[in-house]
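Listed below are the residues making up each chain.
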Amino acid sequence: MTTRHAAVVGVGHSEVTRYAERPLGAMALDACRLAIADAGLDPADIDGITSASMQPFGAGTGPAERDGIDTVSTDFVVRGLGLEPVFGGPVAGMLGQSLADAVRGIRAGATRYCLVFRALHNPRGTYGLLDGDRIPGRPQYTVPYGQFVPGMFAQLWQRYQARYKTGSREQMATFVLQARENGLRWEHGYWTAKNAGPLTEEEYLTSPIVSSPLSVLDCDLPVQGAAAFVLAEGSRAADLPHPPAYVAGVSSPYHPSSWQVVDFTLDFQQRWGAVAARELWRDAGACPGEVDVANLYDGFSV
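Keep in mind it's a predicted model, so treat the numbers as computed, not measured.

For helix 1 (residues 24-38), spanning 15 residues, the distance from its first C-alpha to its last is 21 Å, which sits close to the expected 21 Å at 1.5 Å a residue. Considered for burial, the residues of helix 1 that qualify are Leu24, Gly25, Met27, Ala28, Leu29, Ala31, Cys32, Ala35 and Ile36. Next to the buried residues of helix 1 lie strand 1 (6-13), helix 2 (74-81), strand 4 (113-120) and strand 7 (225-233). Positive backbone phi, at 75°, marks glycine 40, one or two positions downstream of helix 1.

Now the structure itself:
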């Protein structure tokens, strides 16, 4: 590993709750402080910061978002921790893009220790309820009629079933049951805190359908919480308390906005997913057969 290779050297997380019991900003600062301490560093050592503050339903249709309550910006954390970063800022997308930006910043020599965080807000009330009186652009033809998540994921699954003549709910049950079992192994997870047990196939197959073929147990579980990572240059990582987890490769190539429902098709996902995969294997100098752990984003089973 060269000095420009990045490594994850610290991680921190807040408590994870179903709804907003504490201000989101306080939870984000908790996670960031813990990650910095876990890396054996002080806030003064952090010279880079990246984050994606977008919320799942923060479509600009309701009241103005309140920083530290409805969302958490990089500015909020910079002020809260007294940081003086020379690299970073807000990025589009979600956590993966933030991590990729941090890795590239370290490779370029623009930052030595980069803080990456993500905070998710879940207020009480109907999830995803949009209380604004107007919405601009193409979403005006879809969002008012409920064609967002989970409907946009349901149409992917339906198209997959039709094209490949496979992908039944009975087949999906194997994955969903295994995901719950794995999730229960994390002591801070929501289901662990609720003392929930493993799912059974019958529970999954008889759970209420939300948007066919998606049932309640196929859907993302909205929570309130935050997590943070600290990335460091490879030359510095070896001197820190924990064995560094070196980043072999990242990929975040250009693609059109995937949150436009009219673009969210199976063909769209396969085309741009192939572009992202090709770049990832090239950057990592590896191939799929060398991977022995797949830790995939699985908020929605599909």
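Back to the text.
Okay, the pattern of salt bridges next. Under the criterion given, the structure shown has 11 salt bridges. Aspartate 47 serves as the salt-bridge partner of arginine 112, at 3.1 Å between the closest nitrogen and oxygen. With arginine 112 in the loop between helix 3 (95-107) and strand 4 and aspartate 47 in the loop between helix 1 and strand 2 (48-51), this residue pair connects regions lying 65 residues apart in the sequence. Among the salt bridges present, the one from glutamate 181 reaches arginine 185, with a minimum N-O distance of 3.3 Å. When its relative accessible area of 38% is taken as the criterion, glutamate 181 is described as partly exposed.

So, about the nonpolar core. Membership of the largest hydrophobic core comes to 28 residues, with the highest contact counts inside it found for Val77, Leu115 and Val230. Among the secondary structure elements, those contributing two or more residues to this core are strand 1, helix 1, helix 2, strand 4 and strand 7. Here this core takes seven residues from helix 1, the largest share from any one element. Beyond its immediate sequence surroundings of up to four residues, valine 230 is in contact with Ala7, Val8, Val9, Gly10, Ala35, Ile36, Ala39, Leu41, Ile46, Cys114 and Leu115. Judged by nonpolar contacts, the second largest core, of 17 residues, contains Val149, Ala173, Cys219 and Leu266.

Turning to the pairing of strand 7, a few remarks are in order. Strand 7 sits mainly inside the fold: seven of its nine residues count as buried. Of the strand pairs in this sheet, strand 1 and strand 7 are connected by seven bridges, and their pairing is antiparallel. Bridge pairing links alanine 6 to glutamate 233 in strand 7. Strand direction decides the pairing type here: strand 4 and strand 7, joined by eight bridges, are antiparallel. Note on strand 7: the bridge partner recorded for leucine 120 is glycine 225.

Under the defined criterion, the tally for this structure stands at three aromatic pairs. With 4.6 Å between their ring centres and 35° between their planes, phenylalanine 153 and phenylalanine 300 make a pair best called tilted. A residue pair is termed long-range when its members are at least 10 positions apart, and phenylalanine 153 in helix 4 (residues 151-164) and phenylalanine 300 in the segment after helix 9 (266-284) qualify at 147 residues. A residue is classified by how much of its surface remains accessible, and phenylalanine 153, at 13% relative accessible area, is buried. Given a relative accessible area of 14%, phenylalanine 300 falls into the buried group. Between arginine 169 and the ring centre of tyrosine 204, over which it is positioned, the NZ or CZ distance is 4.4 Å. Its guanidinium or amino end placed over the ring of tryptophan 191, arginine 180 lies 4.0 Å from that ring's centre, counting from NZ or CZ.

Conventions adopted
- Residues numbered from 1 in each chain as written.
- Predicted model: local features only at pLDDT ≥ 70, side-chain atom pairs only at ≥ 80, totals over all residues.
- Heavy atoms only, no water.
- Helix = DSSP H or I, 4+ residues; strand = E, 2+ residues; numbered from the N terminus.
- Expected span 1.5 Å × (residues − 1).
- Buried < 20%, exposed > 50% of the residue type's maximum accessible area, 1.4 Å probe, protein only.
- Contact = heavy atoms within 4.5 Å.
- Salt bridge = Lys/Arg side-chain N within 4 Å of Asp/Glu carboxyl O.
- Core = buried A, V, L, I, M, F, W, Y, C linked by side-chain atoms within 4.5 Å.
- Pairing = 2+ DSSP bridges.
- Phe/Tyr/Trp six-rings, centres within 6.5 Å; stacked < 30°, edge-to-face > 60°.
- Lys NZ or Arg CZ within 6 Å of the ring centre and 35° of its normal.

Limitation: the analysis is restricted to geometry and does not speak to function.
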